[in-house]
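These are the residues of each chain, in order.
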Amino acid sequence: MAAAMRALFVFLLPVLLLTSSRLAGGSPPPDPVSCTLDGTSDCTVTNTYGSFPDRTICRAANATFPTTEAELVAAVASAAAARRKVKVATSHSHSFPKLACPGGRDGTIVSTARLNRTVAVDVSRRLLTVESGMLLRDLVKVAADAGLALPHSPYWYGLTVGGMLATGAHGSSLWGKGSAVHEYVVGIRIVTPAPASQGFAVVRELNAGDPDLDAVKVSLGVLGVISQVTFELQPQFKRSVKFVTRDDKDMPAQLAVWGSLHEFGDVAWLPRQGKAIYREDNRVATSTPGNGLNNYLGFRAQPTLGLLTARVAEERLEENGTDIARCLAARLPAVTFELQAYGFTNDGVFFTGYPVVGFQHRIQASGTCINGGDDALLSACTWDPRIRGPFFYQSGFSVAMSKVPAFVADMQRLRDLDPRAFCGIDAKLGVLMRYVKASSAYLGKVEDSLDFDVTYYRSYSEGVPRAHADVYDELEQMALRKYGAVPHWGKNRNFAFDGAIAKYPKAAEFQKVKDRYDPEGIFSSEWSDQVLGIKGSPNVVGAGCAIEGLCVCSDDSHCAPEQGYFCRPGKVYTDARVCRFERTRFVDEL
């Protein structure tokens, strides 16, 4: 116990250092595309975390970095003429799955990092056209400078316009058109392969009313490369934000109505602590006093030494600590974030109390860790793969609103069987729940839904189990299988996508557009074919596959029997199959 407490202290100290950091920006994350030789050949591509769910390295023969639409057309034409596979990479590549992996070694990576300019602003019609590589950070600023606002977006502003559309990224709202970014798209220019008679590549221009727009605005990157996007925006407005922490006993009933009460409302659940953090967030008149700013603590640059130390302590707790020690450590992040108002300030510097009132572009998203210059990695984003800092999985799935109360009640029942098993979720600031409205997009949300985001520990070593991984996996399988949830296209491990496409009634319509735009499958890969149900399964079945989330176990060998983890039914959702630690059986077999 003394050793566990020492590890706990070591863990708490860097957490305090991290959350009190006032760094404006650290070393920006590395480019996910890396090439040898002349900088464009013999390339690899990864995500911003430095690892795909299956831990493989994706390779490509070459990469291009177009700066104009004409250069983009030329890049696609060159690949199509040579029948090479093509995948698009963004400047930060925040998708967990292998969306940017062309497969094999002979493909081409097209990076949109340099396609990041404003094309046109029409203030009278409230239209803004930008290139697809523009960051959300810059999009909301350009809109604000014109007196306009994108009404909804994800909370992290390091995403690109094209990346948000490819994965159906969203904020939280059931009001109006809802929280998905693609709902505000009224025009797209996309470069697709073409016959030799048309120069092997063409630009297709889609506008509101074109049925193909419902395929392209959530595309998984399999239709071509988006060049430009036109948004229909709203007049600039202000928001009033307040966080309220309550007991979670009535959470199933509260979640059913919270989205209708608050335009930007969300909820974070701390299961071990039995608390729910409700975000009361609504638009207010622009005359309302306040110049608040959202500079979320978790998205600030952090001292690298603190990140390294925190990870070492987390590993010690994960591998050798007790449940009590892990649960004690898990309490501090939530307390510290709450005391510092999660990074919100009333004037951009100080927090003086709720509500925090500010203009939309200062409230809707943040991510200052990408804003600084290179400081020789003295500080960085928390997840920077160049340092051995925090390393994690992130799962995201959306449950239809009609099923939310029952699903949440089941989650609470699972928690009540062993509350300490959920301390790992508390340590990552809980389960974030955001509202998403039904969409006309073929691969958008089918019904009004509540999206659940769960972040949890991942080992740097392949095949190493996590403490209480069985409850996390049961929770996900319960959502996906019992309650018919759909996985977030840009998050999750492999097993979450198995059979997912069957949950989209208009998947066949999407496939028809895909066949017209890219009949040779230039923009398809083994991964995308598996996810879209065209060929094969995203599951990778073999020894230890369930430990890595590459499969749902059906045999003990899919877990880690040599470490005491065996394939067992779920405790609440008994149809689940999870890897559970059984100390007695392990000792007996030895």
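Just so it is clear, the model here is predicted, and its values are computed rather than measured.

### A look at the overall build of the protein chain
Helix and strand content of the protein chain: 15 helices and 26 strands. A globule of 590 residues ought to have a C-alpha radius of gyration of about 25 Å, and the protein chain, at 23 Å, matches this closely. In terms of overall dimensions, the protein chain has C-alpha extents of about 70 × 60 × 50 Å along its principal axes. Split into buried and exposed, the 590 residues of the protein chain put 60% on the buried side. Considering only contacts in the protein chain between residues 6 or more positions apart, those separated by 24 or more positions represent 72%. Put simply, the protein chain shows about 22100 Å² of open surface, and 55% of that area lies on carbon and sulfur atoms. If the 63 positive side-chain charges of the protein chain are averaged to one point and the 62 negative ones to another, these points end up 2 Å apart.

### Examining helix α8 (residues 323-339)
With 17 residues, α8 extends 25 Å between its outermost C-alpha atoms, agreeing within 8% with the 24 Å of an ideal straight helix rising 1.5 Å per residue. Taken together, the buried positions of α8 are occupied by Ala325, Arg326, Cys327, Ala329, Ala330, Leu332, Pro333, Ala334, Thr336 and Phe337. Backbone geometry just downstream of α8 places Ala341 in the positive-phi region, at approximately 55 degrees.

### Here's the deal with empty space enclosed by the protein
This structure, assessed with the given rule, holds six cavities of 30 Å³ or more. Roughly 270 Å³ of internal volume is contained in the second largest cavity. Taken together, 19 residues make up the lining of the second largest cavity; nearest its centre are Glu318, Arg326, Cys423, Gly424 and Ala427. For the lining of the second largest cavity, the secondary structure elements donating two or more residues are α7 (304-320), α8, α11 (423-427) and β23 (449-457). The residue inventory of the lining of the second largest cavity, partitioned by class, reads eleven nonpolar, two polar and six charged.

### Some words on the UniProt feature "domain: FAD-binding PCMH-type" (unreviewed entry) in the protein chain
Annotation from UniProt places "domain: FAD-binding PCMH-type" (unreviewed entry) at residues 56-236. With 19% helix and 29% strand, residues 56-236 has its two end C-alpha atoms placed 44 Å apart.

### Here we look at the sheet that holds strand β4 (residues 86-89)
A sheet is described by the order of its strands in space; here five strands give the open sequence β1-β2-β3-β5-β4, paired in mixed fashion. Two strands lie at the open edges of the sheet, namely β1 (33-36) and β4, each paired on one side alone. Across this sheet, the average inter-strand angle for adjacent strands is 45 degrees, counted without regard to direction. Where β1 lies against strand β2 (residues 41-45), four bridges are found, and the strand directions are antiparallel. Directly across from Cys35, in β2, lies its bridge partner Cys43.

### Looking at the nonpolar core
Ranked by internal contacts, the top residues of the largest apolar core, which has 61 residues, are Leu139, Ile188, Leu223, Phe231, Leu443 and Trp489. Mapped onto this core, the elements with two or more residues apiece are β7 (127-131), α3 (136-145), α4 (161-167), β9 (185-193), α5 (213-216), β11 (225-232), α13 (507-517) and α14 (526-531). Here Leu139 is in contact with Leu128, Val130, Met134, Leu150, Val161 and Phe231, once residues within four sequence places are set aside.

### Let's talk about the packing of helix α10 (residues 404-417) against helix α12 (residues 469-482)
Contact pair α10 / α12: the axes reach a minimum separation of 11 Å and the direction vectors enclose 160 degrees. Classed by the angle they form, the pair α10 and α12 counts as roughly antiparallel. The crossing of α10 and α12 is right-handed. Here Phe407, Asp410, Met411 and Leu414 of α10 lie close against α12, whose contacting residues are Val471, Glu474, Leu475, Met478, Ala479 and Lys482. For the contact of α10 with α12, the residue count by class is seven nonpolar, no polar and three charged.

### What about the sheet that holds strand β19 (residues 356-359)?
Ordered in space as β19-β13-β15-β14-β22-β23-β21-β24, the eight strands form an open sheet in which the pairing is antiparallel. Two strands close off the open sheet at either side, each with one partner strand: β19 and β24 (486-487). Two strands pair when backbone bridges link them, and strand β21 (residues 392-400) and β23 are joined in this way by nine bridges, in the antiparallel orientation. Looking at β23, one finds that Gln394 is bridged to Thr455.

### Side note on the layout of surface pockets
Here the largest pocket defines a volume of roughly 560 Å³. Lining of the largest pocket is provided by 23 residues; of these, Arg326, Ala467, His468, Tyr565 and Phe581 occupy positions nearest its centre. Sorting the residues of the lining of the largest pocket by element identifies α7, α8, α12 and β26 (577-581) as the ones contributing at least two each. Residues of the lining of the largest pocket, tallied by class, amount to eight nonpolar, five polar and ten charged.

### A short note on the state of the cysteines
Per the stated rule, a full pass over the model turns up seven disulfides. A sulfur-sulfur separation of 1.8 Å characterises the disulfide bridge that pairs Cys327 with Cys423. One disulfide, between Cys327 and Cys423, carries an S-S torsion of 95 degrees and so falls in the right-handed class. Of this pair, Cys327 sits in helix α8 while Cys423 sits in helix α11; the two residues are 96 residues apart in sequence, bridging distant segments of the chain. Its relative accessible area of 9% is what places Cys327 among the buried residues.

### Some words on the side chain of Thr304
Here Thr304 shows up in helix α7. Accessibility expressed as a relative area gives 8% for Thr304, which makes it buried. Apart from the residues lying within four places of it in its own chain, the contact partners of Thr304 are Leu377, Leu378, Ser379, Ala380 and Ile387.

### With respect to the confidence of the model for the protein chain
Within the protein chain, residue pLDDT values average 94, and 95% of them lie at 70 or more. Scored below 50 in pLDDT, residues 1-22 makes 42 contacts in the model with residues more than four places away or belonging to other chains. Of the regions scoring below 50 in pLDDT, residues 585-590 engages in nine contacts with residues more than four places distant in sequence or in other chains.

The rules behind the values
Residues numbered from 1 in each chain as written. Predicted model: local features only at pLDDT ≥ 70, side-chain atom pairs only at ≥ 80, totals over all residues. Heavy atoms only, no water. Helix = DSSP H or I, 4+ residues; strand = E, 2+ residues; numbered from the N terminus. Rg over C-alpha atoms; globule rule 2.2 N^0.38 Å. Buried < 20%, exposed > 50% of the residue type's maximum accessible area, 1.4 Å probe, protein only. Contact = heavy atoms within 4.5 Å. Areas by Shrake-Rupley, 256 points an atom, 1.4 Å probe, with all protein chains shown as cover. Lys, Arg positive; Asp, Glu negative; His and termini not counted. Charge placed at Lys NZ, Arg CZ, Asp CG, Glu CD. Expected span 1.5 Å × (residues − 1). 1 Å grid on protein atoms, 1.4 Å probe; cavity = no way out; pocket = protein on both sides within 12 Å on 5 of 7 lines; lining within 4 Å. Points joined across faces, edges and corners; volume = space filled by probe spheres on them. Nonpolar A, V, L, I, M, F, W, Y, C, P; charged D, E, K, R; others polar. UniProt positions renumbered as here; feature names shortened; annotations may be inferred. Pairing = 2+ DSSP bridges. Axes fitted to C-alpha atoms, helices over the stretch in contact; angles between N-to-C directions. Core = buried A, V, L, I, M, F, W, Y, C linked by side-chain atoms within 4.5 Å. Parallel < 35°, antiparallel > 145°, perpendicular 65-115°, else oblique. Left-handed = near helix turned anticlockwise from the far one by under 90°. Disulfide = S-S within 2.5 Å. pLDDT = per-residue confidence, 0-100.

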